[in-house]
Amino acid sequence: MKPLIFHNPKCGTSRNTLAIIKASGEEPEVVEYLKNTPTRDRLVELLAQMQISPRELLRSKETINDELGLDNPELSDDQIIDAMIAHPILINRPIVVTDKGAALCRPSEHVFELLANPVSSFTKEDGEVVTHDKH
């Protein structure tokens, strides 16, 4: 399978992750999730693949998070998922899926572990150089 990235082109971390995938010789399927929101079932599947809770995927920096009171610890996972589907900006990014698994790639160098032949080093947009130890 070719890599799949749930991408927001306005996000530097997402752009860096996509660039690392391409620099590693892969041409991923890019889903701009703000335009093509995953279905509820797909989001639940991604959470299971990543082995994280909905709250761990929630982008709490967004204004809508505060407006909806999503920091309330009494909210259920289903309520958090419903909020992310209704307001996809609340889905943290980028999410990458490959044959090796799925992960929220924050920071972007987390993607190294998901790639078949990751580059040994990459220079991010801000000039930071990240390296991958190929054990």
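Shown above is the structure to which this text applies.
Description of the structure in this document.

Calculation criteria
Each residue is numbered by its place in its chain's sequence as written, counting from 1. With the structure being a predicted model, the display of local features is reserved for residues of pLDDT at least 70 and the display and counting of side-chain atom pairs for 80 or more, all residues being used for whole-chain, interface and lining totals. Derived side-chain values reflect all non-hydrogen atoms in the structure, with water molecules and hydrogen atoms excluded from consideration. When DSSP finds two or more bridges between a pair of strands, those strands are recorded as paired. The helix and strand labels rest on DSSP assignments: H or I over at least four residues marks a helix, E over at least two residues marks a strand, and numbering proceeds from the N terminus. To get an axis, fit a line to the C-alpha atoms, keeping to the stretch in contact for a helix; angles then go from 0 to 180 degrees between the N-to-C directions. In this description, contact between two residues means that some pair of their heavy atoms is separated by no more than 4.5 Å. To estimate the expected span of a helix, subtract one from its residue number and multiply by 1.5 Å. Burial classes follow relative accessibility: with a 1.4 Å probe on protein chains only, a residue under 20% of its type's maximum area counts as buried, one over 50% as exposed, and anything between as partly exposed.

Details of the sheet that holds strand E2 (residues 29-32)
Here is step 1: Taken together, four strands build an open sheet; the order of strands is E2-E1-E3-E4 and the sheet is mixed. Of all the strands in the sheet, just E2 and strand E4 (101-104) have a single pairing partner and so form its edges. Averaged over all neighbouring strand pairs, the angle between strand axes comes to 15°, with direction disregarded.
Here is step 2: With four bridges connecting them, strand E3 (residues 95-98) and E4 associate as antiparallel partners. Counterpart to Val96 in the pairing with E4 is Ala103.
Here is step 3: Of the strands in this sheet, strand E1 (4-7), E2 and E3 touch helix H1 (residues 12-23), which is tilted by about 160° from E1.
Here is step 4: This element, helix H2 (residues 40-50), spans E1, E3 and E4 of the sheet and lies at about 75° to E3.

A short note on H1
Here is step 1: Compared with the 16 Å implied by 1.5 Å per residue over 12 residues, the 16 Å span of H1 between its first and last C-alpha is a close match.
Here is step 2: Taken together, the buried positions of H1 are Thr13, Ser14, Asn16, Thr17, Leu18, Ile20 and Ile21.
Here is step 3: Of the surrounding elements, those touching the buried residues of H1 are E1, E2, E3 and strand E5 (121-123).
Here is step 4: Count one or two residues on from H1 and you reach Gly25, which has phi positive near 85°.

Points about the side chain of Asn92
Here is step 1: Summarising the element assignment, Asn92 is placed in the loop between helix H5 (77-86) and E3.
Here is step 2: The buried category is assigned to Asn92, whose relative accessible area is 11%.

Functional significance is not addressed by these values, which are geometric in nature.
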